[in-house]
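Here are the chains, one letter per residue:
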Amino acid sequence: MRIKLPSLILLFTLCFSVHLYAQRQMEKLGRGVVAVRKGTDSVFVSWRISGTEPDDIAFNLYRKTGSGVPKKLNSAPLTKGTNFVDAGANMNVANSYFVKSIVGNREQGASTAFLLAAQTPVQQYLTIPLKTPSGYTPNDASVGDLDGDGEYEIILHQTGRGRDNSSSGITDPPIFQAYKIDGTFLWEINLGKNIREGAHYTQFMVYDLDGDGIAEFACKTADGTVDGKGKVIGDSTKDYRNKNGKILDGPEFFTIFSGKTGEALATTDYIPGRGNIGAWGGRGGNGKNDDSGNRVDRFTACIAYLDGIHPSVVMCRGYYGRTVLAAWDWRNGKLTSRWVFDTKDGRNPYSGMGNHNLSVADVDGDGKDEIIFGSMCVDDNGKGLYTTGLRHGDALHVSDLDPERPGLEVFGVHEIEEGTKGPGAALYEAKTGEILWHGSEDEDVGRGVADNIDNTRVGAQMWWSGSNGLYDMKGNRIGEQPHSTNFLIYWDGDLSRELLDGNHIDKYNGGRLLTANGAIANNWTKSTPALSADIFGDWREELILRSYDNQSLRIYTTTIPTDYRNYTLMHDPQYRLSIAWQNVGYNQPPHTGFYFGYGMKKAPKPNILLVEPKK
């Protein structure tokens, strides 16, 4: 059949336009107004801008005292940072705050109000009371809009007795609970005795997977899992724990739960199954086989826009040797397999290249996401894109770390063990895997970080355990190594990031900014937060920690004014997906899909479609 040239041009144009204008479905958020008392007579208030709103949007801020008439607090429209210090807030009465946007010189409707009760103490956090089961400890958390009100709810992993994969012993059933920010308890899911508790077993995803404006909850399940409605999945009488407390037999499931109620919506067989548990080894170092479950029961997970429009959930198994990634779609009440990537054996170049964590980004600029899994990258179609050959490691950072280079970069550290050779730390190009810089040759490096923390230099800096200094993206030593090599957070008034470690925040070469007395981090020596994310307020991030007595969560928020303005980081697709995978394996901080830091250009507008919740 012959196709005429005009028809061919039209066909090409239509295909190109679909790619060019395809928008990612994302949650529609409200203003996220938050107010915390800064002093006995002052309150710090901040709120968010949506990623789809005009750059010249302005705001009026109102305070309402009791049943009185709201008072506008600003004398002129607020056009800089979306935060304000109310210096006339009486501590002895209840005050509520709301904003009205101004678009085209016209004031719009009021946002949802944030109520600050009378006699609220001077503190930088909100308290969420918990229903912590006896013997359990609040651990990793995630957020999603579970009820379609435009604000985030918290999904919390409550952990009892846990065990690492390499250890024997019975564990307690993993429990998940959902709460509103005001502390309202929504539901509880108990995964049961046939799901082992530990950092490498219990990965959970929270995201709006079907585009109805309400997030789902997804994780691996088994016989005896009880959903939020009290319904049992599979056979509750089965107990597959062996004499070492490990679960190496019995069916394995994958379940999508309703974020609103915790009800199990669909359950299917987990991909991949265990198969031969002694055949999950791979190339070099820790890639040898075992029959104890230490390699077969290593799980990670993420969310990715594999078609550029709709989110898919990707459940992963293995990284020391064989690695399998299984992509799933949840659409119109049906759960379907999209693709399966399988390294299969030690002869495959992707074998042993996984990580204790992963990242998701559009590395090739085609509008669709890839999964960066340590030393390898899987394309949006489920095919291997490349591998660097550097093998697995414990930390990974993906962003536009070097704004002088086009595209994204990946910085990671690598375990050089059991006679293997190679760099313990390396920077590579996210699109091709080309190694740009490396260090700590033949050294086993456990921790590493990369981001802009020096507010006098453009571009990211990187450092790692044993780096003996702070380095720029060209490998030049430019300063002393920071005293922590852990998490990062946007906290003060500039564009650079701060150091988050345990329950404190520090400025590089600038001292302590916050000590969260009475709160504690998670995961032993990892000292990671329950979650750090831009949950409400302006573009800066919040910090969630558990209280010492494990009976509440505290959401810390900054009270430092800033004139810098940016839309909420949650409307940058890469950052939002970072929040979804933050709880996976060895937790890592989130990153934007563009350079964010000192000397940055104006943040690019995200190509997103905000979904109205279906009532």
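Residues numbered from 1 in each chain as written. Predicted model: local features only at pLDDT ≥ 70, side-chain atom pairs only at ≥ 80, totals over all residues. Heavy atoms only, no water.

- The name given to the protein chain in an unreviewed UniProt entry is Rhamnogalacturonan lyase, and the organism recorded there is Pedobacter petrophilus.

1. A closer look at the sheet that holds strand β33 (residues 448-451)
Okay, so step 1: If you walk across this open sheet you meet the four strands as β33-β34-β35-β36, and the pairing is antiparallel. Each end of this open sheet is capped by a strand with a single partner; those strands are β33 and β36 (477-479). On average, adjacent strands in this sheet sit at an angle of 35° to one another, irrespective of strand direction.
Okay, so step 2: Where strand β34 (residues 461-464) meets strand β35 (residues 470-472), two bridges bridge the pair, whose relative direction is antiparallel. Opposite M462, over in β35, you have Y471 as the bridge partner. (Pairing = 2+ DSSP bridges. Helix = DSSP H or I, 4+ residues; strand = E, 2+ residues; numbered from the N terminus. Axes fitted to C-alpha atoms, helices over the stretch in contact; angles between N-to-C directions.)

2. Some thoughts on the pattern of salt bridges
Okay, so step 1: A complete count under the given rule lists 39 salt bridges for this structure.
Okay, so step 2: Of the charged contacts in the structure, one is a salt bridge between R322 and D342, with a shortest N-O distance of 2.8 Å. Of the two residues, R322 is situated in the loop between β22 (312-317) and β23 (324-331) and D342 in strand β24 (residues 334-342); the sequence distance between them amounts to 20 residues.
Okay, so step 3: Each of K220, E252, R274, D297 and R317 takes part in salt bridges that share partners, so that together they form one network. (Salt bridge = Lys/Arg side-chain N within 4 Å of Asp/Glu carboxyl O.)

3. Remarks on the UniProt feature "domain: Rhamnogalacturonan I lyase beta-sheet" (unreviewed entry) in the protein chain
Okay, so step 1: Here the UniProt feature "domain: Rhamnogalacturonan I lyase beta-sheet" (unreviewed entry) sits at residues 24-112.
Okay, so step 2: Between the end C-alpha atoms of residues 24-112 the distance is 26 Å, and the span holds 0% helix and 48% strand. (UniProt positions renumbered as here; feature names shortened; annotations may be inferred.)

4. Concerning unusual backbone geometry
Comment: phi is negative for the bulk of residues other than glycine, and the bulk of peptide bonds are trans.
Okay, so step 1: The step from I271 to P272 runs through a cis peptide bond, and the omega angle for that step is 0°.
Okay, so step 2: Even without being glycine, N105 reaches a positive phi, approximately 65°.
Okay, so step 3: Within the secondary structure layout, N105 lies in the loop between β7 (95-103) and β8 (106-110).
Okay, so step 4: On the basis of relative accessible area, N105 is assigned to the exposed category, the value being 79%.
Okay, so step 5: Even without being glycine, N523 reaches a positive phi, approximately 65°.
Okay, so step 6: Topologically, N523 is positioned in the loop between β41 (519-520) and β42 (531-533). (Buried < 20%, exposed > 50% of the residue type's maximum accessible area, 1.4 Å probe, protein only.)

5. Considering the side chain of D297
Okay, so step 1: Within the element layout of this structure, D297 appears in the loop between β20 (264-269) and β21 (299-304).
Okay, so step 2: Of the polar contacts made by the side chain of D297, one reaches the side chain of R317; its length is 2.9 Å. (Polar contact = N/O pair within 3.5 Å; in protein donor to acceptor, adjacent residues only side chain to side chain.)

6. Notes on helix α2 (residues 573-581)
Okay, so step 1: α2 sits mainly inside the fold: nine of its nine residues count as buried.
Okay, so step 2: Taken together, the buried positions of α2 are P573, Q574, Y575, R576, L577, S578, I579, A580 and W581.

7. A look at the domain arrangement of the protein chain
Okay, so step 1: If you check the domain split of the protein chain, you get domain 1 (21-129 + 490-567 + 597-614) and domain 2 (130-489 + 568-581).
Okay, so step 2: Inter-centroid distance (C-alpha atoms) of domain 1 to domain 2 is 27 Å.
Okay, so step 3: Counting from both sides, the interface comprises 69 residues of domain 1 and, opposite them, 65 residues of domain 2.
Okay, so step 4: Between domain 1 and domain 2, a total of about 5700 Å² is buried, with carbon and sulfur atoms accounting for 56% of that surface.
Okay, so step 5: When the area that domain 1 buries against domain 2 is broken down by residue, the three leading residues are R24, E27 and Y508, summing to 15%.
Okay, so step 6: Counting across the interface, domain 1 meets domain 2 through four salt bridges.
Okay, so step 7: Here D369 makes a salt bridge to R24, at a shortest N to O gap of 2.8 Å.
Okay, so step 8: Elements represented by at least two residues in the side of domain 1 that touches domain 2 include exactly β1 (24-27), β10 (125-129), β38 (498-501), β39 (504-507), β42, β43 (542-547), β44 (552-556) and β45 (608-611).
Okay, so step 9: Considered class by class, the residues forming the side of domain 1 that touches domain 2 number 31 nonpolar, 20 polar and 18 charged. (Domains from an automatic or database assignment. Contact = heavy atoms within 4.5 Å. Buried area = accessible area lost by both parts, 1.4 Å probe. Nonpolar A, V, L, I, M, F, W, Y, C, P; charged D, E, K, R; others polar.)

8. Thoughts on the sheet that holds β22
Okay, so step 1: Read across the open sheet, the four strands follow the order β21-β22-β23-β24; overall the sheet is antiparallel. Looking along the sheet, the strands with just one partner apiece sit at the ends: β21 and β24. Taken over all neighbouring pairs, the strand axes of this sheet differ in orientation by 20° on average, direction set aside.
Okay, so step 2: When β22 meets β23, the two strands line up antiparallel, connected through five bridges. Across the sheet, V313 pairs through a bridge with W328, a residue of β23.

9. Remarks on the pairing of strand β40 (residues 511-515)
Okay, so step 1: Pairing analysis gives four bridges linking β39 to β40, with the strands arranged antiparallel. Each bridged residue has a counterpart across the sheet, and for K507 the counterpart in β40 is G511.
Okay, so step 2: Here β39 folds back onto β40 in antiparallel fashion, the turn holding three residues, of which N509 has a positive phi close to 55°.

10. Digging into the side chain of R24
Okay, so step 1: By the element assignment, R24 lies in strand β1.
Okay, so step 2: With relative accessibility at 8%, the residue R24 sits in the buried group.
Okay, so step 3: Those residues within four positions of R24 in sequence are excluded, and the remaining contacts are Y305, G308, I309, D362, G367, K368, D369, P573, L577, N607, I608 and L609.

11. With respect to the packing of aromatic side chains
Two aromatic rings, taken as a pair, are described by how far apart their centres are and by the angle between their planes.
Okay, so step 1: Within this structure, the stated rule accounts for 23 aromatic pairs.
Okay, so step 2: On the basis of an interplanar angle of 35° and a centroid distance of 5.5 Å, the ring pair of F254 and W328 is categorised as tilted. Remark: W328 occurs in strand β23 and F254 occurs in strand β19 (residues 253-258); sequence separation between them is 74 residues. The residues F254 and W328 share a single accessibility class, namely buried.
Okay, so step 3: One aromatic cluster is present, built from ring pairs that chain together F176, W187, F204, F217 and F257.
Okay, so step 4: When the ring centre of Y270 is taken as reference, the NZ or CZ atom of K220 above it lies at 5.8 Å.
Okay, so step 5: Taking the ring centre of Y320 as reference, the NZ or CZ of R295 above it sits at 5.1 Å. (Phe/Tyr/Trp six-rings, centres within 6.5 Å; stacked < 30°, edge-to-face > 60°. Lys NZ or Arg CZ within 6 Å of the ring centre and 35° of its normal.)

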